[in-house]
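Architecture and fold: a report
Each chain, written out:
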Amino acid sequence: MSDRLTGLLIAALAVWYGWMADNFEEGFGDPVGPSAFPKLLAVPMGLFALYLIVRPDPEPQWPTGRPLLRQIGMMAALVGYPLILEPLGFPLATAIGVIAMALLLGGPRQGAAISAVAFSLGLFVMFDQVLGLHLPMLPSFK
């Protein structure tokens, strides 16, 4: 039953995600437009949801104890990341997010820090310089 409920929730999210993509304004000279990626992402989400609804796990095992706390921590990191992105700037917020997720997955502290710096700076350069999608670089003190 829990898989079916999860499938229904993901299906509703996929429909909402695809529907909201229609509200994105298309830029001049952009043949694909900003709605293409969310619409493309809504399709596999919907298929996954359909699979969960049609073929649920007969006896799901719910996590308890430490694994449950790690999953809750991961959800907190994933929800918190977009909330700190603009105030802290992309590189710092991404580094904090990567460190948090790496530690929750059991990675070593030094490796998590090195990966976080490399990942956040690499993504910033790729998005800002290569793709021309401007991201907040420094913290905003509003």
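The shown structure was predicted, so the numbers you read here are calculated from the model rather than taken from an experiment. (Residues numbered from 1 in each chain as written. Predicted model: local features only at pLDDT ≥ 70, side-chain atom pairs only at ≥ 80, totals over all residues. Heavy atoms only, no water.)

Here we come to the overall build of the protein. Within the protein one finds five helices and zero strands. Listing each helix as α and each strand as β along the protein from the N terminus yields α-α-α-α-α. Scored against the burial criterion, the 142 residues of the protein give a buried share of 21%. Across the protein, contacts joining residues at least 24 apart in sequence account for 61% of those joining residues at least 6 apart. (Helix = DSSP H or I, 4+ residues; strand = E, 2+ residues; numbered from the N terminus. Buried < 20%, exposed > 50% of the residue type's maximum accessible area, 1.4 Å probe, protein only. Contact = heavy atoms within 4.5 Å.)

Moving on, we come to the layout of surface pockets. Over the atoms, a rolling probe the size of a water molecule traces out where space has been left empty. The volume enclosed by the largest pocket comes to roughly 270 Å³. Lining the largest pocket we find Pro 60, Gln 61, Trp 62, Pro 63, Leu 68, Gln 71 and Met 75. Here the lining of the largest pocket is built from residues that sort into five nonpolar, two polar and no charged. (1 Å grid on protein atoms, 1.4 Å probe; cavity = no way out; pocket = protein on both sides within 12 Å on 5 of 7 lines; lining within 4 Å. Points joined across faces, edges and corners; volume = space filled by probe spheres on them. Nonpolar A, V, L, I, M, F, W, Y, C, P; charged D, E, K, R; others polar.)

A cluster of nonpolar side chains, namely Val 125, Met 126, Val 130, Leu 131 and Leu 133, defines an oily patch on the protein surface of about 460 Å² accessible area. Mapped onto the elements, Val 125 comes out in helix H5 (residues 109-130). (Patch = residues over 30% accessible without salt bridge, like charges linked within 9 Å, V, L, I, M, F, W, Y side chains within 5 Å. Areas by Shrake-Rupley, 256 points an atom, 1.4 Å probe, with all protein chains shown as cover. Salt bridge = Lys/Arg side-chain N within 4 Å of Asp/Glu carboxyl O.)

Looking at the element boundaries, Asp 3 is found in helix H1 (residues 2-21). Salt bridges are absent for the buried Asp 3, whose nearest opposite-charge side chain, Arg 4, sits at 8.6 Å. Polar side-chain contacts of Asp 3 include one of 2.7 Å to the backbone nitrogen of Asp 57. Once residues lying within four places of it in the same chain are set aside, the contact partners of Asp 3 are Leu 52, Pro 56 and Asp 57. (Lys, Arg positive; Asp, Glu negative; His and termini not counted. Polar contact = N/O pair within 3.5 Å; in protein donor to acceptor, adjacent residues only side chain to side chain.)

The next thing to look at is the packing of aromatic side chains. In total, this model carries one aromatic pair according to the counting rule given. Between the aromatic rings of Phe 90 and Phe 124, the centroid separation amounts to 6.3 Å while the plane-to-plane angle is 35°, which identifies the pairing as tilted. Taken together, the residues span a long stretch of sequence, with Phe 90 in helix H4 (residues 90-104) and Phe 124 in helix H5 at a distance of 34 residues. Since its relative accessible area comes to 7%, Phe 90 is described here as buried. (Phe/Tyr/Trp six-rings, centres within 6.5 Å; stacked < 30°, edge-to-face > 60°.)

Let us now look at H5. The terminal C-alpha atoms of H5 lie 30 Å apart, and with 22 residues this matches the ideal 32 Å at 1.5 Å per residue to within 8%. Taken together, the buried positions of H5 are Ala 112, Ala 116, Ser 120, Leu 123, Phe 124 and Asp 128. Viewed along the axis of H5, the buried residues span an arc of 105°, placing them on a single side of the element. The exposed set on the far side of H5, more than 90 degrees from its buried face, consists of Gln 110, Ile 114, Ala 118, Gln 129 and Val 130. Turning to H5, the residues buried within the fold contact H4. Positive backbone phi, approximately 75°, marks Gly 132, located one or two places after H5. (Expected span 1.5 Å × (residues − 1). Arc of directions from axis to C-beta.)

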